[in-house]
Amino acid sequence: MSSHGDPIPMQSGASAPLSGVADVPGDKSISHRALILGALSVGETTITGLLEGQDVLDTGRAMRAFGAEVIDHGGGKWSVHGVGVGGFAEPDQVIDCGNSGTGVRLIMGAMATSPISATFTGDASLNKRPMARVTDPLALFGCQAVGRAGGRLPMTLVGAADPVPARYVVPVPSAQVKSAVLLAGLNAPGETVVTEAEATRDHTERMLAGFGAEINTEVTDEGRVITLKGRPELKPQHIDVPRDPSSAAFPVCAALIVPGSDVLVPTIGLNPTRAGLFTTLREMGADLTYENEREEGGEPVADLRARFSPDLKGIEVPAERAASMIDEYPVLSVVAAFAKGDTNMPGVKELRVKESDRIAAMADGLRAAGVGVEDGPDWWTVIGQGHGNVRGGVTCASHLDHRIAMSFLVMGMATQNPMSVDDGGPIATSFPIFEPLMAGLGAKLSRL
Ligand code: S3P
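Residues numbered from 1 in each chain as written. Predicted model: local features only at pLDDT ≥ 70, side-chain atom pairs only at ≥ 80, totals over all residues. Heavy atoms only, no water.

Further remarks concern the overall build of the protein chain. Secondary structure assignment for the protein chain yields 12 helices and 23 strands. In terms of overall size, the protein chain behaves like a compact globule, its C-alpha atoms giving a radius of gyration of 21 Å where 448 residues would be expected to give roughly 22 Å. Counting only residues that meet the buried cut, the protein chain has 60% of its 448 residues in that class. For the protein chain, the share of sequence-separated contacts (at least 6 apart) that also reach a separation of at least 24 residues comes to 77%. Averaging the coordinates of the 37 positive side-chain charges in the protein chain and doing the same for the 53 negative ones gives two points 2 Å apart. (Helix = DSSP H or I, 4+ residues; strand = E, 2+ residues; numbered from the N terminus. Rg over C-alpha atoms; globule rule 2.2 N^0.38 Å. Buried < 20%, exposed > 50% of the residue type's maximum accessible area, 1.4 Å probe, protein only. Contact = heavy atoms within 4.5 Å. Lys, Arg positive; Asp, Glu negative; His and termini not counted. Charge placed at Lys NZ, Arg CZ, Asp CG, Glu CD.)

Here you go:
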C-alpha cells in the first residue's frame, strides 16, 4: 500500500463509451465483520467472496494477533477458526490497522470487554481520525484507553476484566460506533442497549443474529433501539459476502457521465441502509435500472444497469438519506458536476472526519477543474456545468483516501482535459481491481 510505499500517480482521460460487465469485489463492511465474528465464534467459519483489499487484510492480520487462525485458501475463500466470545489472547505486537477506521473501531469494541491490553496504530490518515467516539462508550463497560491528544492513535486499550453491560445513545450517525458497542456487549453479562437516532448500516446486527446471538431491533420515536444479550456462544457460519455497493458506485457513475456508455454491474446489495446513492442518481435523471431483483443471503440484491444519461439535473439530497450513502458523496459530487443546476448536499458533517476531510478534498479538486463548489461545516453544493462543459486538466491530492482518488479518476473519463491524482495507491484498500476493471470497460486510465 502506498501509505507505506511510494505514491502511485495516475491519470484518466476522455474515454470511449464504457461497456461490458463490471464484477466489483466483496463488500468491505461485511468482510471486516465476517473476520471479526468468525474470530469470536467457536469453530470454523468459512467465507467466500471476501474483499481482499488492504483494509480487510489488516483486520485478518489483527484477528491472528488476538489468537484466531485465519487462513487464505485462495480465490476469495477464507476460513477463520475462532476463539469464542471472551477468548481473545493478548497480542504481543502493536495492531496496525493501516488506513481502516472500520477495522480499528470494530476491533477495539471486540477486545474492550476482555482482560487484555492492546496498542493500536494506523497510517497518517487513520492516526488523525477521532477515536473518542468509540473509547467514550467503551469506558462504560470498564475499558480504559490512553492515546494521543484529541483521542488519536496510537492508542492503548486496557480491556475490562470485570465488564458491565452498557446503555448508549450514539451521538453521531455511525455504524462503526454502534458496532463497537455491540461487539463489546458480547462479553458483558446482561443486556447491552444501543440507540441510534438515524438508521446506519445494519450489517453487524444482521450478522450477529446469523451467528446465533440474541439481538433485537425496535423502531421507536427515539430511533432504532438495539438490544443484545451478552455472553452468547456464537456458532460458526458460512458467509458469502455480497458485492460492495460502495465500489459499484464508481463504474455506475462513470457510465452515467461517459457518452454512449452501457455497463452492467451484477449482484449488488441494495440493503436500504446502503443504497441511498442509487436512489439519488435516479432522482437526478440517471438511466439506472435494477434488473433481476432478488434476495441473496438475506439481503436484497439486483444487477445494476447504468447507461449514459444526457439529461442529469441537480437536486437537493435529503439530509436524512446521508447515512445510507455516506461513502458515496465524493463520486456523487463528480456526477453533479456534469448535471444541469445545483446539487445541494446537507447533513453531511461526518464527511469531514473520514479517511480525509472529503468535502475539502473534493471541493479543492472540483474548483481547480472549473466546477463551482460552496461549502459549510455540514453541507456543500456543487454547481453543475452540464455534459461536455467540465474543463478538468488538473492534478488532485488524494489525501490517502481511496474514494477521493477513484472519484477524480472517474471524473477525468468525461472532462475536456485529463484528470490526475497524486497517489492512486490507497485505491488498494477497498477496490484493488479498480484499474483492470475500469480499463476492461474501456476507460482511459494509466499510471504516470
Ligand atoms: C462503515 C461505516 C461508515 C463508513 C465506513 C464503513 C462500517 O463509517 O463510512 O466506510 O463498515 O461500519 P461511520 O460509522 O464512521 O459512519
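A word on the sheet that holds strand β16 (residues 287-296). Strands sit in the order β2-β15-β17-β16 across an open sheet of 4 strands; the sheet is mixed. Looking at strand neighbours, the two that pair on one side only are β2 (19-21) and β16, the edges of this open sheet. Sheet twist, expressed as the mean angle between neighbouring strand axes with direction ignored, is 20°. In the packing of helix α8 (residues 276-283) onto the sheet, contacts are made with β15 (262-269), β16 and β17 (299-307), and the angle to β16 comes to roughly 150°. (Pairing = 2+ DSSP bridges. Axes fitted to C-alpha atoms, helices over the stretch in contact; angles between N-to-C directions.)

On to the environment of A68, then. Within the secondary structure, A68 is located in the loop between α2 (54-65) and β4 (69-74). If near-sequence neighbours (up to four positions away) are discounted, A68 is found in contact with A39, M63, V80, H81 and V83.

Here the protein chain is described as being made up of domain 1 (10-26 + 242-447) and domain 2 (28-236). On the domain 2 side, the residues contacting the 23 residues of domain 1 number 26 residues. Both faces combined, the contact of domain 1 with domain 2 buries some 2,000 Å², and carbon together with sulfur accounts for 48% of it. Remark: the boundary between domain 1 and domain 2 carries 3 salt bridges. Taking the shortest distance from any N to any O, the salt bridge between R201 and D327 comes out at 3.5 Å. (Domains from an automatic or database assignment. Buried area = accessible area lost by both parts, 1.4 Å probe. Salt bridge = Lys/Arg side-chain N within 4 Å of Asp/Glu carboxyl O.)

The subject of this paragraph is the pairing of strand β10 (residues 167-170). Residues of β10 alternate between two faces, with Y168 and V170 buried on one and R167 and V169 left unburied on the opposite face. Sheet topology note: the β10/strand β11 (residues 191-196) ladder contains 4 bridges and is parallel. Across the sheet, residue R167 finds its bridge partner in β11, namely V193.

The immediate surroundings of the ligand are formed by K28, S29, R33, T102, P173, S174, A175, Q176, R201, I326, D327 and K354. Within the contact set of the ligand, an oxygen atom lies 2.7 Å away from a side-chain nitrogen or oxygen of D327. For the ligand, whose unbound accessible area comes to 380 Å², protein coverage reaches 96%. Going through the elements one at a time, α1 (28-39) and α5 (175-185) are the ones with two or more residues in the shell around the ligand. Among the elements that make up the shell around the ligand, the one with the highest residue count is α1 (3 residues). Of the residues that make up the shell around the ligand, three or more belong to each of domain 1 (10-26 + 242-447) and domain 2 (28-236). (Near = heavy atom within 4 Å. Polar contact = N/O pair within 3.5 Å; in protein donor to acceptor, adjacent residues only side chain to side chain. Areas by Shrake-Rupley, 256 points an atom, 1.4 Å probe, with all protein chains shown as cover.)

Here we take up the packing of helix α7 (residues 245-257) against α8. The geometry of α7 relative to α8 is characterised by a closest axis approach of 10 Å and an angle of 20° between their N-to-C directions. Classified by the angle between their axes, α7 and α8 sit roughly parallel to one another. The two elements α7 and α8 meet at a crossing, and its hand is left-handed. Facing α7, whose interface residues are P245, A248, A249, V252, C253 and L256, α8 presents L277, F278 and L281. Taken together, the residues of the contact of α7 with α8 break down into 9 nonpolar, no polar and no charged. (Parallel < 35°, antiparallel > 145°, perpendicular 65-115°, else oblique. Left-handed = near helix turned anticlockwise from the far one by under 90°. Nonpolar A, V, L, I, M, F, W, Y, C, P; charged D, E, K, R; others polar.)

Attention shifts here to the nonpolar core. Nonpolar side chains tend to gather and get buried jointly when the protein is soluble and globular. In this structure, F278, L281, Y329, W380, M411, F434 and M438 are the most contacted members of the largest nonpolar core, which totals 78 residues. At 9 residues, α7 tops the list of elements feeding residues into this core. Membership of the second largest hydrophobic core comes to 62 residues, among which are A34, M155, V181 and V194. (Core = buried A, V, L, I, M, F, W, Y, C linked by side-chain atoms within 4.5 Å.)

Right, let's talk about the pattern of salt bridges for a bit. One pass over the full model with this rule turns up 27 salt bridges. Ionic pairing is found between D287 and R307, a salt bridge with its closest N-O pair at 3.7 Å. A residue pair is termed long-range when its members are at least 10 positions apart, and D287 in strand β16 and R307 in strand β17 qualify at 20 residues. A salt bridge links E435 to R447, with the nearest nitrogen and oxygen atoms 2.6 Å apart. One end of the pair, E435, is in helix α12 (residues 434-441); the other, R447, is in strand β23 (residues 444-447), and 12 residues separate them in sequence. Three or more residues joined by partner-sharing salt bridges are found here, namely R129, R201, D327, E355, R358, D401 and R403.

A large share of helix α9 (residues 329-337) lies buried, amounting to 9 of its 9 residues. For α9, the full list of buried residues reads Y329, P330, V331, L332, S333, V334, V335, A336 and A337. Looking at the buried residues of α9, the elements they touch are α7, α8, β18 (340-346), α10 (358-368), β20 (379-385) and α11 (402-412).

In terms of burial, helix α3 (residues 101-111) is largely enclosed, as 11 of its 11 residues are buried. Among the residues making up α3, those that are buried are G101, T102, G103, V104, R105, L106, I107, M108, G109, A110 and M111. Packed against the buried residues of α3 are α1, α2, β7 (117-121), α4 (132-140), β9 (152-158) and α5. For α3, the side-chain oxygen to backbone nitrogen distance between the N-cap and G103 is 2.8 Å, and the N-cap itself is S100.

For the protein chain, the average pLDDT comes to 97, and 99% of its residues sit at 70 or higher. Put simply, β17 is where the protein chain has its lowest mean pLDDT, 93, and α9 is where it has its highest, 99. (pLDDT = per-residue confidence, 0-100.)

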